[in-house]
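# A structural walkthrough
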Amino acid sequence: MAGRIEARLAEMGIELPEPVAPLADYVPFVRTGNLLFVSGQLPIGGDGLAAGQLTAADHAADGVPAPGSKLALAAEAAALCAVNLLAQAKAATGDLDRVTRVVKLTGFVSCDATFTQHPQVINGASSLMGRVFGEAGRHSRAAVGSSSLPRGAIVEVEGVFEIE
Amino acid sequence: MAGRIEARLAEMGIELPEPVAPLADYVPFVRTGNLLFVSGQLPIGGDGLAAGQLTAADHAADGVPAPGSKLALAAEAAALCAVNLLAQAKAATGDLDRVTRVVKLTGFVSCDATFTQHPQVINGASSLMGRVFGEAGRHSRAAVGSSSLPRGAIVEVEGVFEIE
Amino acid sequence: MAGRIEARLAEMGIELPEPVAPLADYVPFVRTGNLLFVSGQLPIGGDGLAAGQLTAADHAADGVPAPGSKLALAAEAAALCAVNLLAQAKAATGDLDRVTRVVKLTGFVSCDATFTQHPQVINGASSLMGRVFGEAGRHSRAAVGSSSLPRGAIVEVEGVFEIE
């Protein structure tokens, strides 16, 4: 019997993947007190890894990523990182209804010196959390540029959750 | 009636701005237990946004930013990020006297591969916290380089605070 | 009389250095509740600072750093950051046996846009934590690229620990 949040995911057409195994000598999450620290997640899904790097040439003139543009694909990749965070949180808690708050997301965008629309990319992850959890999904956040990311990923997002 | 910390800010000639609205689908702070996570703040003040990127050409030979130098302006921008963190902490707590400790600052400096004086930049934020809060302002910290930051900002600082 | 973890360090031939002093206006660690936030540590040891920057030319073809390669040196530098984190945790707690869990490591790798083997570098730190603490050393993690790091360091690692 799925909980409220998993019913909401199903309604949104989101199926949680098998949690992605760490690339190395660490674990995907650690609980301490009521906080759950989830390791940085890459945009790995059914189509493999979303790789790439953004530059000013990828900016949306009006700040809104055009469908199919590289900026839109990067925002979708950030949403995929968020889905992978949820898969880990589900593995950690057994039931996403036990997540009482998304506390913090940190989003790293692979980009060069000319890129300035990091928020538009990480919004892909933020907006997914809001749609899944409602009020409890409203989180604090930082979005910054990275010179490159593991495996050439275009984005990486880590998260801190409050759980029962 | 202002509290002790707000009196201290006034004494230092610092007026807290209206908290800067998030650029996207997230909130400026989340409280969990006694911890307050404040979103990454950009150096936005009365003069707009401090933009730019640092290189080795901006290094201070003796490690001390010369007044008016780009390095000094970047350190002032970091201090402005700290003021914006305080504006959010004030909005979160109602009274900065309820901040019992600045726990952690993470400072991201927009710079190229040749730049090495990140601490000198983020000191702008660290030193402000010390002057405002005294002992309670002594925080842990990381200072790192970013290939670029939202809106072309020269620096971004996020914070974790302990509150009553 | 050394505790269990310090005996383990001695067995591994690791001597904790004097904790490295902060480069600036902050402190090396802050405790809040049962969490210890340790400031970002640079790879500073008996041979000075491990400086440098990684590119695709430094990749290990099979993903395993070859002994003496720049990638292997970067992983050793990450392990040195971990040792420096432990030196700070020892200063904070008086006895590393009071560390009940390594909660989170964040590893920043100085690299250009072509580098993709960040996990192999930060594994140097992760694997050391596992060897020192066993189960309690299994941590969550993020590994990302930085355009540059303080003093030209090749890697910087910060940590969150759970303590008694």
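The sections below set out a description of the structure shown in this document.

As a measure of interface size, the accessible area lost when the parts come together is often cited. Taken together, the contact between chain B and chain C spans 28 residues of the former and 26 residues of the latter. When chain B packs against chain C, the two sides together hide about 2,000 Å² of surface, and 60% of this comes from carbon and sulfur. Looking at the side of chain B facing chain C, the largest losses of area belong to B:Ser140, B:Arg141 and B:Val144, adding up to 21% of the total buried there. At the junction of chain B with chain C, the criterion picks out one salt bridge. One salt bridge connects B:Lys104 with C:Glu158, and the closest N-O pair in it is separated by 2.6 Å. Inspection of the region where chain B meets chain C yields 13 residue pairs in polar contact (both at pLDDT 80 or more). Among the secondary structure elements, those contributing two or more residues to the side of chain B that touches chain C are β5 (99–110), α3 (118–133) and β6 (140–146) of chain B. Here the element with the most residues in the side of chain B that touches chain C is β6(B); it accounts for seven residues.

Superposing chain B onto chain C requires a rotation of 120° together with a translation of 0.0 Å along the rotation axis, leaving an RMSD of 0.0 Å. Taken together, these values place the two copies in the relation of a three-fold axis. Different-surface contact between copies: only 14% of interface residues of chain B are shared with the interface of chain C.

Looking now at the packing of helix α2 (residues 70–93) of chain C against helix α3 (residues 118–133) of chain C. All names here are of chain C. Remark: α2 packs on α3, axes separated minimally by 7 Å, with the N-to-C direction vectors making an angle of 45°. In terms of axis orientation, α2 runs oblique to α3. At the point where α2 passes α3, the crossing takes the right-handed sense. Within the contact between the two elements, α2 uses Leu71, Ala74, Ala75, Ala78, Ala79, Ala82, Val83, Leu85 and Leu86 and α3 uses Gln120, Val121, Ile122, Gly124, Ala125, Leu128, Met129, Val132 and Phe133. Looking at the contact of α2 with α3 residue by residue, the classes come out as 16 nonpolar, two polar and no charged.

This part takes up the relation of the copies chain B and chain A. Superposition record for chain B on chain A: RMSD 0.0 Å, screw rotation 120°, translation along axis 0.0 Å. Little of the interface of chain B is mirrored in chain A, where only 15% of its interface residues are also at the interface.

Residues and elements named next belong to chain C. For α3, which comprises 16 residues, the first-to-last C-alpha distance of 23 Å matches the rise-based estimate of 22 Å (1.5 Å per residue) to within 8%. Of all the bends found along α3, the most pronounced is centred on glycine 124 and spans about 35°. Of all 16 residues that make up α3, 13 are buried, and the element is covered over most of its length. Of the residues one or two after α3, glycine 134 is the one with positive phi, at around 65°.

Turning our attention to the interface of chain B and chain A. Taken together, the contacts link 26 residues of chain B with 28 residues of chain A. Interface area, chain B with chain A, both sides summed: about 2,000 Å², of which 59% is carbon and sulfur. Put simply, chain B and chain A have one salt bridge between them. Here chain B is connected to chain A by 13 residue pairs in polar contact (both at pLDDT 80 or more). For the side of chain B that touches chain A, the secondary structure elements donating two or more residues are β1 (29–32), β2 (35–41) and β7 (155–163) of chain B. Class assignment of the residues belonging to the side of chain B that touches chain A gives a composition of twelve nonpolar, nine polar and five charged.

Here we come to the pattern of salt bridges. Residues and elements named next belong to chain C. Scanning all chains against the criterion turns up 15 salt bridges over all chains. The residue lysine 90 makes a salt bridge to glutamate 6 at a minimum N-O spacing of 2.7 Å. A residue pair is termed long-range when its members are at least 10 positions apart, and lysine 90 in helix α2 and glutamate 6 in helix α1 (residues 4–11) qualify at 84 residues. Classification of lysine 90 by relative accessible area gives partly exposed; the value is 28%. Of the residues examined, glutamate 6 reaches a relative accessible area of 17% and is grouped as buried.

To continue, consider the side chain of C:Gln117. Residue and element names in this part refer to chain C. Mapped onto the elements, glutamine 117 comes out in the loop between β5 (99–110) and α3. For glutamine 117, a relative accessible area of 10% corresponds to the buried category. Those residues in contact with glutamine 117, other than ones at most four positions away along the chain, are His59, Ala60, Gly63 and Leu71.

On to the side chain of C:His118. Residue position: C:His118 is located in helix α3. Using a relative accessible area of 0% as the deciding quantity, one classes C:His118 as buried. When residues no more than four places from it in sequence are discounted, the contact partners of C:His118 are A:Ser148, A:Leu149, A:Pro150, C:Val109, C:Cys111, C:Ala143, C:Val144 and C:Gly145.

Residue and element names in this part refer to chain C. Within β5, ten of the twelve residues are buried, which leaves the element mostly enclosed by the surrounding structure. By the bridge criterion, nine bridges tie β5 to strand β7 (residues 155–163) in an arrangement that is antiparallel. Following the sheet pairing, arginine 101 is matched in β7 by glutamate 162. The pairing of β5 with strand β6 (residues 140–146) spans seven bridges and is parallel. Along β6, the bridge assignment pairs threonine 106 with alanine 142. With respect to chirality, the unit in which β5 leads through α3 into the neighbouring parallel β6 is right-handed.

Attention shifts here to the sheet that holds β1(B). All names here are of chain B. Judged by pairing direction, the sheet is mixed, and its five strands sit side by side in the order β1-β2-β7-β5-β6 without closing on themselves. At either margin of the open sheet sits one strand with a lone partner, and together these are β1 and β6. Each strand of the sheet is rotated relative to its neighbour by a mean of 15°, with strand direction disregarded. Each of β5, β6 and β7 touches α3; the most contacted strand, β5, lies at about 160° to it.

All names here are of chain A. Over its 24 residues, helix α2 (residues 70–93) runs 34 Å from end to end, which matches the ideal 34 Å to within 8%, given 1.5 Å per residue. Of all 24 residues that make up α2, 17 are buried, and the element is covered over most of its length. Of the residues trailing α2, glycine 94 is marked for its positive phi of about 85°.

Conventions used here
- Residues numbered from 1 in each chain as written.
- Chains lettered and ligands numbered in written order.
- Predicted model: local features only at pLDDT ≥ 70, side-chain atom pairs only at ≥ 80, totals over all residues.
- Heavy atoms only, no water.
- Contact = heavy atoms within 4.5 Å.
- Buried area = accessible area lost by both parts, 1.4 Å probe.
- Salt bridge = Lys/Arg side-chain N within 4 Å of Asp/Glu carboxyl O.
- Polar contact = N/O pair within 3.5 Å; in protein donor to acceptor, adjacent residues only side chain to side chain.
- Helix = DSSP H or I, 4+ residues; strand = E, 2+ residues; numbered from the N terminus.
- Least-squares fit on C-alpha atoms with pLDDT ≥ 70 in both.
- Axes fitted to C-alpha atoms, helices over the stretch in contact; angles between N-to-C directions.
- Parallel < 35°, antiparallel > 145°, perpendicular 65-115°, else oblique.
- Left-handed = near helix turned anticlockwise from the far one by under 90°.
- Nonpolar A, V, L, I, M, F, W, Y, C, P; charged D, E, K, R; others polar.
- Expected span 1.5 Å × (residues − 1).
- Bend = angle between axes of the 7 residues up to and from the residue.
- Buried < 20%, exposed > 50% of the residue type's maximum accessible area, 1.4 Å probe, protein only.
- Pairing = 2+ DSSP bridges.
- Right-handed = clockwise from strand over helix to strand, strands pointing away.

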